[in-house]
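# Report on the structure
Here is what each chain is made of, one letter per residue.
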Amino acid sequence: MSAELFSLAGKTALITGSSQGIGYTLAEGLIKAGARVIMNGRDAAKLADAARALDADQLPFDVTDHAAARDAVDGFEASHGPIDILINNAGMQHRGPLEDFAPEDFERLIATNVT
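First things first, this report covers the structure right here in the doc.

Once that is clear, we can look at the packing of helix 1 (residues 21-32) against helix 2 (residues 44-54). At their nearest, the axes of helix 1 and helix 2 sit 11 Å apart, and the two run at 25 degrees to each other. What the angle tells us is that helix 1 and helix 2 run roughly parallel. Handedness of the crossing formed by helix 1 with helix 2: right-handed. Counting all contacts with helix 1, which are made through Tyr24, Ala27, Glu28 and Ile31, the residues of helix 2 involved are Ala50, Ala53 and Leu54. A class-by-class count of the residues in the contact of helix 1 with helix 2 yields six nonpolar, no polar and one charged.

Now the structure itself:
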């Protein structure tokens, strides 16, 4: 198939949780398709390294902090224009035996992923 069929030239994409793993790979793919990519993560140093490696923009904020996320996106759009594509890749996980998964941890995990 032709790459032109999937061209994202002229589009801006924000990918949360993109300083590593699946998000990083998605950023690579969207850049190859011509998109301007804004990488996101909580760890500013790790994010800066990842963004530098891909020659992408970066927008560090914690997606679980609604006010911080809104302020970061609004600030970016005010100075750089609209974001056309959003990939909500950031996630949380709880590692440990099921019997050690306290109800308050479950509630925190679920509340973080619901808007």
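Next up on the list: the environment of Arg36. The residue Arg36 is located in strand 2 (residues 36-39) in this model. Arg36 sits in the partly exposed class, given a relative accessible area of 31%. In this structure, the C-alpha to C-alpha distance between Arg36 and Leu8, residues 28 residues apart in sequence, is 8.4 Å. Reaching out from Arg36, the side chain makes a polar contact with the side chain of Asp57 at a distance of 2.6 Å.

This part is about the pairing of strand 1 (residues 12-15). Of the two faces of strand 1, the one carrying Thr12 and Leu14 and the one carrying Ala13 and Ile15 are both buried. Crossover connection from strand 1 via helix 1 to parallel strand 2: handedness right-handed. Bridge count between strand 1 and strand 4 (residues 85-87): three bridges; the pairing is parallel. Following the sheet pairing, Leu14 is matched in strand 4 by Leu86.

Definitions and limits used
Residues numbered from 1 in each chain as written. Predicted model: local features only at pLDDT ≥ 70, side-chain atom pairs only at ≥ 80, totals over all residues. Heavy atoms only, no water. Axes fitted to C-alpha atoms, helices over the stretch in contact; angles between N-to-C directions. Helix = DSSP H or I, 4+ residues; strand = E, 2+ residues; numbered from the N terminus. Parallel < 35°, antiparallel > 145°, perpendicular 65-115°, else oblique. Left-handed = near helix turned anticlockwise from the far one by under 90°. Contact = heavy atoms within 4.5 Å. Nonpolar A, V, L, I, M, F, W, Y, C, P; charged D, E, K, R; others polar. Buried < 20%, exposed > 50% of the residue type's maximum accessible area, 1.4 Å probe, protein only. Polar contact = N/O pair within 3.5 Å; in protein donor to acceptor, adjacent residues only side chain to side chain. Right-handed = clockwise from strand over helix to strand, strands pointing away. Pairing = 2+ DSSP bridges.

Read these as geometric descriptors, not functional statements.
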